[in-house]
Amino acid sequence: MIGEGFRLFPVQASTFAEKLDRLYLFLVGMSGFFAGLIIILVITFAVIYRRRADRAPEKTRTSLGLELIWTVIPLILVMFIFLWGADLFLDQSIPPQGAEDVYVVGKQWMWKAQHSNGRREINELHVPVGRAVKITATSQDVIHSFYIPAFRVKQDAVPGQYRTMWFQATKAGEYHLFCAEYCGTDHSKMIGRIIAMQDTAYQNWLGGYTEETPVQAGEKLFVQFDCANCHESGRRQRCPNLGGLYGTTVALAGGGTALFDEAYIRESILDPKAKIAAGYEPVMPTFRGQVTEEQMLALIAYIKSLSPNVAATSTEGARRPQSSAPGKKE
Amino acid sequence: MSTQLAIFTREHYLNVSYGWKSWLFTRDHKRIALLFLMTITFFFFLGGAFATMVRLELMTPQGDLFQAQTYNKLFSMHGIVMIFLFLIPSIPAVLGNFLVPIMIGARDLAFPRLNLLSWYLLVIGGVFTLWAIVAGGVDTGWTFYTPYSSLFSNTNVVLAVIGIFISGFSSILTGLNFIVTIHQMRAPGMTWFRLPLFIWSHYATAIIQVLGTPVVAITLLLVAVERVWRVGIFDPALGGDPILFQHLFWFYSHPAVYIMILPGMGVVSELITTHSHKQIFGYTFVAFSSLAIAIIGFAVWGHHMFVAGQSQYASLMFSILSFLVAIPSAIKVFNWTATLYKGSISYSAPMLYALGFIGLFTIGGLTGLFLATTAVDLHVTDTYFVVAHFHYIMVGGMVMAYLGGIHHWWPKISGKMYPEGWARLAALIVFIGFNLTFFPQFVLGYLGMPRRYYAYADEFQVLNVMSTAGASILAVGYVLPMVYLIWSLRYGESASANPWGATGLEWQIPSPPPTENFEETPIVEEPAYNYESYSRASV
Amino acid sequence: MSLIVEHQFDDYEQQQQATTLGMWGFLATEVLFFGGMFVGYTVYRMLYHAPFGEASRHLDIVLGAVNTGVLLCSSLTMALGVHEAQEGNRRMVMLFLAITAALGMIFLGIKFFEYYQKFEEHLIPGPHFMWNGADARHASLFFIFYFVMTGMHALHMVIGIGLMAILVFLTWRGKFSSVYYAPIELGGLYWHFVDIVWVFLFPLLYLVERSR
């Protein structure tokens, strides 16, 4: 915890931390055992069998049995460790459903985070205790890495890509946030605080923000950049309807499929001709250079929120933002 | 035996000719080995100077000794110089060059002129790197991750990359030379399974040098192209993929660490057997484990990228292979330990270094298992845990093996004995200083202190101060051999042909050897390390 | 015309085996060297195969095919040169090696003409790159790999031509005989390797997505 002073072992503040530390301590114990064994044997032999004029060395007898023993036993041990580690790792790479979404953008040399309701933080992140939080991270410039030692999790923030990680805090408190991928001059200063709060306190804190949500901001951008012109109104035959697509697999022109996730949305906005949806022409213009990373996240949030029946009004020319018209079809 | 008189009148490779031309244009593998020795010693101390400055800054949590940018250059240059200009050449270019022909009963390597070219390439590569340093340094880290290195850094990336590119070819040529020599030029009767294990490990190392180095060469070349012409090969904003760089870079740089450690393991096999006067336990297993490490080592590079954004399944594949590559190393450690059993163990400085190697390499190797475990790596990658792990292997392992080898073969190379008392003291100081420097870093890493930080959270200070204190002791341990080895050249006791009572062809010829190594090509009839039928000759 | 056996070798046969193994080892390093570029190209081609295909169609397939033919012929003349060396026919060796070098120079000439064409078409990546189709950045990426890979190959060709020149000179000076012609053989190995690299480069760079 921040401000706590000298420790020999990091604080455990997440569900993963508890599980990982068990594996870690097993590794420490096992390593201690083998290192100790070797060191004791070496020292013992070096002392007992030190060179003496009255004793000649013995002939070395090879022993296939011994070789097999000390090959097979380590092999079994490492496979065991691998499986244990793989189990934890797979657990930790797949965020649970319903996790609280947080979007993080790293840039030289600060962390910008945004909660699902739009509340923004810089170099700080408030998180609830007892609920899973999913971080989707990217970078605006070079590779950074979002690292919370107390939670034992780390994920590189790569420019041009979205990477996710998740954690569930178990203890309220303030914990270190470090950038863990060297990123230039002030890499060591790209640090911050993770503030874990009891859920109700967290909800209060979150609710304290009443301005624009990412979905609302995204909706505005959707209109501002003219996306609605193609993707919502009667011109749907030129561009696909985006409602309800998030998380599904879409068929691509020229064969193949793609998962409609954050990365796909981002690519479609910046490189629309890279993956055309099946049955459509490559007519979408690119918005590279016009959309910032944060605007991108807002647009993604908006598109994620679109439901399948969103085909808005059929009113010519009038572009109404989606939202409250379920069941209204063209 | 009037060795004193023999040195003055007998011709050998050192006194056969004098003058700078006879050294700079030599084709004698032994002289070339010494040229390499001087070059890499210079770079070792240069890299050490950078390390000293790094550790001084890290005594306090604030960044108060250097500016951030300067510190970033210091750790980058420490890594670049130590890895490419010291560790990669070290044992192969010095001890390998000197001993490979002699150990197999040959007069020289297969390609003596290529060998000399190899030294010149290292020097030229070193000059470019020095130029990069003097022109203001480079701050990308030795890993040159894009897009920072290709677009954002304002430092001398291209110069540094050229230096590494050229010195890489030095490594390739050394490897090529060793492979051909070991295949083609063994003396009659020197079958593969009678070869000293030093040769096996250099052979395995050479395979990696030849196959791996070209990949990093072309990768760094692409980074230079990207930087100079502002085109996007690895930059996402211009269409490239920064993760592709990481794959290409680590495809070499992981096997590179085996280039750095395998020769050390070969040295240790020689030291353990000689200084316990006992045949190695499990010769075949140790020999094949060198090859296994080289081959499997090419398949594990992704363990540097568990959090970089590769698929989970790739990560698991790399993880399992990384565990597998640890097994042959474990086999070696067990075999060395078993060799000591009922041996006749001398406490000479080379043996102390070898015993220290076994302990420290074991610890370093075991911590590699932590890193191979994907889940643990999520927490400790990019922290001081990794720094501690690789320093245990490289410094606690490789450098100790190197120093042990230098001492062990010093009589053969120079014709003089080093002062044993001072040497043992230095070995002890190195051992103590090393552990004090690097063990706290494991703790720091698990606590969460990231790498490449010049300012850190207050609670990390105690361990950092311990580490710096250890570094100051370690430095003493490294300076001492410089002093007494040079001293011994003039004042040391003359050495006989076989001061250790060792087996091996190099001990059958005079110290120092004549230029042609052997008066007559030896005929080998005995297995390696045949100590039973060998009468013990003491110093 | 004596057989020179260097002092480190026991006999001529050992020297020959060693130098041949050395050349093969060196070629192995070259495979890995080009291999890095091939891997990069393949990855990007898989990720962006539409723009890469589009860009590939801008390469002059006729010139590329002619160049392929030129190189294959040069490998033939090289092999013939080695054969003549085995027979000890000094003049024929010189002739074939010279033709090989000449074919290599034709290859380079055509290559540089292609480069010039690309320059005129504003297809050299960098500030003057102009692309009418979609996805200019990824098309530019194709051309970066095109220039780096063919450029590196061309560099190796230049070295090969230099080698041929040296071999022709040494043959003229009478250095070789039907007993000793190892350098010619080794030069042949190198030349064939450079040719094989092109045989992979050509389809990979020129022939993708041509069916459209």
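An account of the accompanying structure is given in this report. (Residues numbered from 1 in each chain as written. Chains lettered and ligands numbered in written order. Predicted model: local features only at pLDDT ≥ 70, side-chain atom pairs only at ≥ 80, totals over all residues. Heavy atoms only, no water.)

**Some details on the overall build of chain C**
Looking only at helices and strands, chain C features 6 helices and 0 strands. Counting helices and strands in the order they occur from the N terminus, chain C gives α-α-α-α-α-α. The buried share of chain C, taken over its 212 residues, is 51%. Of the contacts formed within chain C by residues at least 6 apart in sequence, a portion of 79% connects residues at least 24 apart. When the accessible surface of chain C is split by element, carbon and sulfur atoms take 69% of a total near 9500 Å². Averaged over its 11 positive side-chain charges, chain C has a centre that lies 8 Å from the centre of its 16 negative ones. (Helix = DSSP H or I, 4+ residues; strand = E, 2+ residues; numbered from the N terminus. Buried < 20%, exposed > 50% of the residue type's maximum accessible area, 1.4 Å probe, protein only. Contact = heavy atoms within 4.5 Å. Areas by Shrake-Rupley, 256 points an atom, 1.4 Å probe, with all protein chains shown as cover. Lys, Arg positive; Asp, Glu negative; His and termini not counted. Charge placed at Lys NZ, Arg CZ, Asp CG, Glu CD.)

**Digging into the interface of chain C and chain B**
At the interface, 34 residues of chain C touch 39 residues of chain B. Between chain C and chain B, a total of about 2800 Å² is buried, with carbon and sulfur atoms accounting for 68% of that surface. Applying the counting rule to chain C against chain B returns 2 salt bridges. Here Arg-107 of chain B makes a salt bridge to Asp-10 of chain C, at a shortest N to O gap of 3.0 Å. There are 11 residue pairs in polar contact (both at pLDDT 80 or more) connecting chain C and chain B. Broken down by secondary-structure element, the contributors of at least two residues to the side of chain C that touches chain B are helix H1 (12-47) and helix H5 (136-172) of chain C. Sorting elements by how many residues they give to the side of chain C that touches chain B places H1 of chain C first, with 19 residues. (Buried area = accessible area lost by both parts, 1.4 Å probe. Salt bridge = Lys/Arg side-chain N within 4 Å of Asp/Glu carboxyl O. Polar contact = N/O pair within 3.5 Å; in protein donor to acceptor, adjacent residues only side chain to side chain.)

**Some words on the pairing of strand S1 (residues 100-107) of chain A**
Side chains on a regular strand alternate between the two faces of the sheet. Residues and elements named next belong to chain A. Taken across its 8 residues, S1 has 6 buried, putting it largely inside the fold. As judged from the 7 bridges shared by S1 and strand S5 (residues 132-139), these two strands associate in the parallel manner. Opposite Val-102, over in S5, you have Ile-135 as the bridge partner. Sheet topology places S1 next to strand S2 (residues 110-115); 6 bridges connect them, and they run antiparallel. Among the inter-strand pairings, Gly-106 is bridged to a residue of S2, identified as Trp-111. (Pairing = 2+ DSSP bridges.)

**Side note on empty space enclosed by the protein**
According to the stated counting rule, one finds 8 cavities of 30 Å³ or more in the structure shown. Roughly 150 Å³ of volume is contained in the largest cavity. Lining the largest cavity are 15 residues, with Met-1, Val-11 and His-176 of chain A together with Leu-447 and Glu-459 of chain B positioned closest to its centre. Broken down by element, the lining of the largest cavity gets its largest block of residues, 3 residues, from strand S9 (residues 173-179) of chain A. Tallied by class, residues from the lining of the largest cavity come to 9 nonpolar, 2 polar and 4 charged. Approximately 110 Å³ is the volume found for the second largest cavity. Elements with a minimum of two residues in the lining of the second largest cavity: helix H5 (90-104), helix H8 (157-184) and helix H9 (197-229) of chain B. (1 Å grid on protein atoms, 1.4 Å probe; cavity = no way out; pocket = protein on both sides within 12 Å on 5 of 7 lines; lining within 4 Å. Points joined across faces, edges and corners; volume = space filled by probe spheres on them. Nonpolar A, V, L, I, M, F, W, Y, C, P; charged D, E, K, R; others polar.)

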